[in-house]
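# Residue-level structural notes
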Amino acid sequence: MKRSPLLHAELSQVIAAMGHGDMLVIGDAGLPIPDGPRRIDLALMRGVPLVTDVLKAVLSEMQVEGIVVADEALGDAKKLPDWYPQSLGIAPQTVSHEEFKRRTAKARAMVRTGECTPYANIILVAGVSF
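So, a few notes on the structure that sits alongside this text. Predicted model, so just to flag it, every value in this text is computed and none were measured.

Moving on: the overall build of the protein. Looking only at helices and strands, the protein features three helices and six strands. Along the protein, helices (α) and strands (β) appear in the sequence α-β-β-α-β-β-α-β-β when read from the amino end. In summary, the protein has a C-alpha radius of gyration of 14 Å against a globular reference of 14 Å for 130 residues, a match within 12%. Structurally, the protein occupies a C-alpha span of about 45 × 35 × 25 Å along its principal axes.

Turning next to the pattern of salt bridges. Tallied over the entire structure, the rule returns six salt bridges. The partner of glutamate 99 in a salt bridge is arginine 103, and the shortest N-O contact between them spans 3.0 Å. Here the residue glutamate 99 and the residue arginine 103 both occupy positions in helix α3 (residues 97-104), the gap between them amounting to four residues, near one helical turn. Connected via shared salt-bridge partners are Glu99, Arg102 and Arg103.

In this section: the sheet that holds strand β4 (residues 93-95). Read from one edge to the other, the open sheet built from six strands follows the order β2-β5-β1-β6-β3-β4, with strand pairing classed as mixed. The two strands at the open ends of the sheet, each matched to only one other strand, are β2 (38-41) and β4. Looking at each pair of strands side by side, their axes are set apart by 20° on average, direction ignored. Examined bridge by bridge, β2 and strand β5 (residues 109-112) share four bridges and lie parallel to one another. Each residue of the ladder has a partner; that of aspartate 41, found in β5, is arginine 112. Those strands touched by helix α2 (residues 51-59) are β1 (23-27), β3 (64-70), β5 and β6 (122-126), and its axis lies near 155° from that of β1.

This paragraph deals with unusual backbone geometry. In this structure, the amide linkage connecting valine 48 to the following residue, proline 49, adopts the cis form with an omega of -10°. As for its position among the elements, proline 49 is in the loop between β2 and α2. Of note in this structure, tyrosine 119 is not a glycine but carries a positive phi near 65°. As for its placement among the helices and strands, tyrosine 119 is situated in the loop between β5 and β6. Here tyrosine 119 falls in the partly exposed class, since its relative accessible area comes to 33%.

The rules behind each value
- Residues numbered from 1 in each chain as written.
- Predicted model: local features only at pLDDT ≥ 70, side-chain atom pairs only at ≥ 80, totals over all residues.
- Heavy atoms only, no water.
- Helix = DSSP H or I, 4+ residues; strand = E, 2+ residues; numbered from the N terminus.
- Rg over C-alpha atoms; globule rule 2.2 N^0.38 Å.
- Salt bridge = Lys/Arg side-chain N within 4 Å of Asp/Glu carboxyl O.
- Pairing = 2+ DSSP bridges.
- Axes fitted to C-alpha atoms, helices over the stretch in contact; angles between N-to-C directions.
- Contact = heavy atoms within 4.5 Å.
- Buried < 20%, exposed > 50% of the residue type's maximum accessible area, 1.4 Å probe, protein only.

Given below as structure tokens:
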């Protein structure tokens, strides 16, 4: 029996089907979603749910070996934003915003949150649990 937090059914299904190296994008309400990746729209209203809320739930289910963020997300000081999951101990790979959008087209799925903070977008690269 599953004892971890309840996860959106469609999101849980995507995570269960992910293979090593597959990408899952969690983005703000303004991130364009290209044709191709499965679209999972969790936005209920402005600010609900936040990227941090979705990340916490996803990370309870998904083994992550890599993280990609747009360099704008880290700001001029190159400090990690509030929504970044520091607990993973994985240094993010930073890419240009255009490269970030190109990579989203190759993702297995894109999750749209209600976050309205510019560049609150992250690509999680699936790892293996052993």
